Amino acid sequence: MFKKDILEFAAKLNEMFPDAKTELYYNNEFQLLIAILMSAQATDKQVNIVNRNFFNFLITPEDGVKMDTDYIKEFINSISFFNNKAVNIKKTCDILVKEHNSQIPRTIEELVKLPGVWIKTAKVFLAVIEDAPYIWVDTHVHRVLNRLWLVNTKSPLETDKKISKWFTKENHGMLHNTLVLFGRYHCIARKPKCETCPFVEKCKHYKKVISKS
Ligand code: SF4
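Everything quoted here is computed from the prediction, not taken from an experiment.

A. Structural context of the domain arrangement of the chain. Under the domain assignment used here, the chain contains domain 1 (2-20 + 134-212) and domain 2 (29-130). Relative placement of domain 1 and domain 2: their C-alpha centres are 28 Å apart. Taken together, the contact pairs 9 residues of domain 1 with 11 residues of domain 2. At the surface where domain 1 touches domain 2, the tally comes to 2 salt bridges. Counting only elements with at least two residues in the side of domain 1 that touches domain 2, the list comes to α10 (156-164) and α12 (175-185). A breakdown of the residues in the side of domain 1 that touches domain 2 according to their chemical character gives 5 nonpolar, 1 polar and 3 charged.

B. Representation of the site of the ligand. What surrounds the ligand is the set R147, L148, H186, C187, P192, K193, C194, C197, V200, C203 and H205. Grouping the constituent residues of the shell around the ligand by class yields 7 nonpolar, 2 polar and 2 charged.

C. Structural view of the packing of aromatic side chains. Applying the stated criterion to the full structure yields 9 aromatic pairs. Relative to F75, the ring of F57 lies with its centre 5.2 Å away and its plane at 40 degrees, an arrangement referred to as tilted. Note that F57 is positioned in the loop between α3 (44-54) and α4 (61-66) and F75 in helix α5 (residues 69-76), a separation of 18 residues in sequence. A relative accessible area of 15% means that F75 is categorised as buried. Taken together, a centroid distance of 6.3 Å and an interplanar angle of 45 degrees make the contact between W149 and F199 tilted. Of the two residues, W149 is situated in the loop between α9 (139-147) and α10 and F199 in the loop between α12 and α13 (204-208); the sequence distance between them amounts to 50 residues.

D. Region of interest: the environment of K162. Relative to the helices and strands, K162 is located in helix α10. Accessibility expressed as a relative area gives 43% for K162, which makes it partly exposed. Placed 154 residues apart in sequence, K162 and E8 show a C-alpha to C-alpha distance of 19 Å. Setting aside residues up to four positions removed in sequence, K162 forms contacts with V151 and T153.

E. A look at helix α2 (residues 29-38). Of all the 10 residues making up α2, 9 are buried; the element is thus mostly covered by neighbouring parts of the structure. Taken residue by residue, α2 has F30, Q31, L32, L33, I34, A35, I36, L37 and M38 as its buried positions. Capping the start of α2, N28 holds a side-chain oxygen 3.2 Å from the backbone nitrogen of F30, two or three residues further along.

F. View of the side chain of H142. Here H142 lies in helix α9. Owing to a relative accessible area of 13%, H142 belongs among the buried residues under this scheme. In this structure the side chain of H142 is engaged in a polar contact, spanning 2.6 Å, whose partner is the side chain of T159. Once residues within four sequence positions are removed from consideration, H142 is found in contact with V137, T153, K154, S155, P156 and T159.

The rules we used
- Residues numbered from 1 in each chain as written.
- Predicted model: local features only at pLDDT ≥ 70, side-chain atom pairs only at ≥ 80, totals over all residues.
- Heavy atoms only, no water.
- Domains from an automatic or database assignment.
- Contact = heavy atoms within 4.5 Å.
- Salt bridge = Lys/Arg side-chain N within 4 Å of Asp/Glu carboxyl O.
- Helix = DSSP H or I, 4+ residues; strand = E, 2+ residues; numbered from the N terminus.
- Nonpolar A, V, L, I, M, F, W, Y, C, P; charged D, E, K, R; others polar.
- Near = heavy atom within 4 Å.
- Phe/Tyr/Trp six-rings, centres within 6.5 Å; stacked < 30°, edge-to-face > 60°.
- Buried < 20%, exposed > 50% of the residue type's maximum accessible area, 1.4 Å probe, protein only.
- Polar contact = N/O pair within 3.5 Å; in protein donor to acceptor, adjacent residues only side chain to side chain.

Here it is in structure tokens:
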């Protein structure tokens, strides 16, 4: 029964966002990895503004090897934690060139060895590049799943652990993208669009809070 629920949930989200894809700006796999690394604690919008210029210069890991860290900081200094991120971008480029022949690794285990690449970064990268069955549980996804009938968890990490057991290649579809877009544009934190929500009948938050306000 629960599996059927998940399949229907995923199918409805796909209907709402048929062209769902990451909103990060990138032109190749390497730039995607760097964009995801930069998006920690920053919005996609902020990262895209920076990268539309930065990525004219950082096209391959070799380009990063030739840049010094201060030069990278000049490009990305409007992004939160830019000092750390610049150091990590530089080190990641060095490692990619020296140890991976400038190719991006394709497993979580290898990806998380790159500086600044956390498990979430690796999951998003693989989900976008290979449609791997991973979902990035950010604050939006955590909020949405808890408002609905699907989980009852205290943190994005706890939600991530819980849902990783449900989703497989067979049933996740484009869920990693559609869930983020649903949280970002429909089930918005302050003003969820419940009047046009296909999940209103099952939604805990609607029953407990919205319908009574
Ligand atoms: S009914 Fe409202 S609160 Fe519930 S998931 Fe839909 S938009 Fe969000």
